[in-house]
Amino acid sequence: MTASPTIKQRSFRRLLSYVKPYRWGFIAAAIGMLGYALVDVYFVSQLKDFIDVGINQKNTDYLRFAPIFIVIIFILRGVFNFIASYCLNWVGTHVVQEMRQQLFQHLMRLPVSFHDQHSTGDLISKITYNTEQIKQTTSRALAVLIREGAFVLGLLVVMFWNSWQLSSIFILIAPIIAVIVSFVSKRFKLLSQNIQNAMGEVTTCSEQMLNGHKVILSFGGQEIESKRFFKVNNITRRQDVKMEATRSISVSSIQIIASFALAFVIYMASFPEMLDSLTAGKFTTIVGSMMMLLRPLKQLTTVNSEFQRGLTAADSVYLILDQPAEQDTGSHVLADIKGEICFKHVNFSYPGHEQQVLHDISFTAPAGKTVALVGRSGSGKTTISSLLPRFYDVLDGDITLDGIPIKSCTLASLRQQMAVVSQHVTLFNDTIANNITYGFTEPVSLQRLQDVAEKAHVMEFAANLKDGLDTMIGENGVSLSGGQRQRIAIARALLREAPILVLDEATSALDTESERKIQAALNELLKDRTSIVIAHRLSTIENADIIIVMDQGRIIEQGDHHSLLQQDGAYAQLYKLQFGSEQTAV
Ligand code: ADP
Ligand code: MG
């Protein structure tokens, strides 16, 4: 791995840019930490006088002053501690909030192909877990670095001040400690990266289970899912244990090395010349300082690795923030279009996939007419409908609206021209009314709302609910049936009054009874609009102006119902098949 320092520096600098607006808070925190450390050092430095003057010389004035001194020292320490913790947390939470917001907004702007290739759970874990990691690790690292760093330096000064001969042993052991610290850092970086990835998988796995709960129950998949989760859960645990092992081994070795230093000091003190130059106070101060050094040394050992962990998390966040957003390079603002759609020799394959999904697709949907796409599943019907709002860009060929290439239009104005109702209705955890008016910035009048709700046959079931259209429908509309959800989606599309309508198997999940009801709502929708209708049941598209038959990404037949029947080709065969099966089903 070539983790060049420049990359690290860059991600560190980028992290600093988030802190910059809150630099005064940060400076206050640093002052608090320095104050805290200095108070401690000052306390240690007074030990010598306490023993030599107070105890040995029995100076009662000094000893009476000592209790007041202790209380004042600890009050000061408490104040500094509060300032440090509060300010650091204030800065840290601001940074996390900012990053989360950015991630959230950027994820919305990323192209559909990005979301195709990344698991939702993984992305959620970036928003929730990784950002929090950045705050926790870097603020802890900073606190240790400044507070304990200053404390160690202060203690060393006190020690050298009292006896430079005894303290010089530290010059010897410092490089050994440095080597251990650098080894630990490298190992930590790797492990924390593993943990972050594993956490992503934990979320992915949980999300899959929660979304597919019913499927799991009905297929008895609990065992499989448990095993799958156990595996990823166990990976996180194992990385965690490895991390703790590295931490404790390194901490212990550093403390053992420090104990050698302590032994050395006591050994040296046993020499008569040395003993003569030492007072009891000096000796206590040096030995006491050495003991006190152990704790901050232990924390400083892992400070770099904590920092690395934070930077790794930050990098994973930057990786997403740096993904190019949807290309919105067009400048033409579509308004008042008639709605003629034209596909010209369109070839397409999904980004990241070699297999070509659409081959030389050409057709025209005249303004106000209905075009139906039929064909086996996997033949590319949905793909055609997702090229229209430019969820993906075509490889070759062109798609035009009223003769204007959609590439040259702004995405917002292009998407404003269409309303899509698909098989998978997405509803938000809100009221029925708000789900219908979703995306409208200006308020919609009650009259208008009731009108579309009536036309889409939403009123039929909403009227029976306690709060009518203001009923909350739960996450993704769990409390509604498929047909009810579908009708809300249709009402949403009706309200939009877009000149182009795409219906992708909008009624395929429904029984014939509900379909008949919805068909009425749909016919309302189809009026005066250019529509692309994808349907499984041919009976629903018989009246389409143009029927396009697709097979394996190609158009194999095109015409209206009667002419296609006369051709006696693929369409006629499909029709006979369905007609026959419907007759036997009745
Ligand atoms: P239809 O709607 O006619 O059933 P689709 O347009 O959904 O068919 O799919 C056409 C082909 O494109 C299929 O072979 C499918 O595997 C592939 N496909 C669909 N969506 C994606 C995607 N997001 N990424 C890669 N391949 C896809
Ligand atoms: Mg489809």
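These numbers come from a predicted model, not from an experiment.

Rules behind the numbers
Residues numbered from 1 in each chain as written. Chains lettered and ligands numbered in written order. Predicted model: local features only at pLDDT ≥ 70, side-chain atom pairs only at ≥ 80, totals over all residues. Heavy atoms only, no water. Axes fitted to C-alpha atoms, helices over the stretch in contact; angles between N-to-C directions. Helix = DSSP H or I, 4+ residues; strand = E, 2+ residues; numbered from the N terminus. Parallel < 35°, antiparallel > 145°, perpendicular 65-115°, else oblique. Left-handed = near helix turned anticlockwise from the far one by under 90°. Contact = heavy atoms within 4.5 Å. Near = heavy atom within 4 Å. Polar contact = N/O pair within 3.5 Å; in protein donor to acceptor, adjacent residues only side chain to side chain. Areas by Shrake-Rupley, 256 points an atom, 1.4 Å probe, with all protein chains shown as cover. Nonpolar A, V, L, I, M, F, W, Y, C, P; charged D, E, K, R; others polar. Phe/Tyr/Trp six-rings, centres within 6.5 Å; stacked < 30°, edge-to-face > 60°. Buried < 20%, exposed > 50% of the residue type's maximum accessible area, 1.4 Å probe, protein only. Pairing = 2+ DSSP bridges.

**Q** I'd like a description of the packing of helix α10 (residues 222–269) against helix α12 (residues 280–301), backed by residues and values.
**A** Packed helix pairs are specified by the crossing angle of their axes together with the interaxial distance, meaning the distance between the axes. Taken N-terminus to C-terminus, the directions of α10 and α12 make an angle of 165°; their axes are 9 Å apart at the nearest point. The pairing of α10 with α12 is recorded here as roughly antiparallel in orientation. For α10 against α12, the interelement crossing comes out right-handed. When α10 is examined against α12, the residues Ser250, Val251, Ile254, Gln255, Ala258, Ala261, Leu262, Val265, Ile266 and Ala269 are found in contact with a partner set consisting of Phe283, Ile286, Val287, Met290, Met291, Leu294, Leu297, Lys298 and Thr301.

**Q** If you had to explain the site of ligand 1 to someone new, which residues and values would you point to?
**A** In the vicinity of ligand 1 there are 13 residues, among which Gly378, Gly380, Lys381, Thr382 and Thr383 approach most closely. Within the backbone of Ser379, one N or O atom sits 3.2 Å away from an oxygen atom of ligand 1. Surface burial for ligand 1 is 68%, taken as the share of its 560 Å² of free accessible area covered by protein chains. Looking at which element gives the most residues to the shell around ligand 1, the answer is helix α14 (residues 381–387), with three residues. Class assignment for the residues of the shell around ligand 1 results in three nonpolar, seven polar and three charged.

**Q** Tell me about the packing of aromatic side chains, and name the residues and values.
**A** In this structure the tally under the stated criterion is 14 aromatic pairs. Relative to Trp90, the ring of Tyr22 lies with its centre 5.6 Å away and its plane at 90°, an arrangement referred to as edge-to-face. Placement of the pair is Tyr22 in the loop between α1 (5–19) and α2 (23–45) and Trp90 in helix α4 (residues 60–109), with a sequence separation of 68 residues. On the accessibility criterion, Trp90 (37% relative accessible area) is partly exposed. Put simply, the rings of Tyr42, Phe43, Phe65, Phe69 and Phe74 touch in pairs and so form one group of aromatic residues.

**Q** Outline the environment of His562, supporting the account with residue identities and numerical values.
**A** Tracing the sequence through the fold places His562 in helix α21 (residues 561–567). Each C-alpha atom of the pair His562 and Glu542 lies 8.8 Å from the other, and the pair is 20 residues apart in sequence.

**Q** Give me the pairing of strand β8 (residues 530–534): which residues, what numbers.
**A** Every other side chain in a regular strand lies on the same face of the sheet, so the side chains alternate between the two faces. Among the five residues in β8, five count as buried, and that is most of the element. Of the two faces of β8, the one carrying Thr530, Ile532 and Ile534 and the one carrying Ser531 and Val533 are both buried. Taken together, the four bridges between strand β3 (residues 370–375) and β8 define a ladder with parallel strand orientation. Note that in β8 the partner of Ala372 across the bridge is Val533. Judged from the five bridges that link them, strand β7 (residues 500–504) and β8 form a sheet pairing that is parallel. Each residue of the ladder has a partner; that of Leu503, found in β8, is Val533.

None of the figures reported here should be taken as evidence of function without further support.
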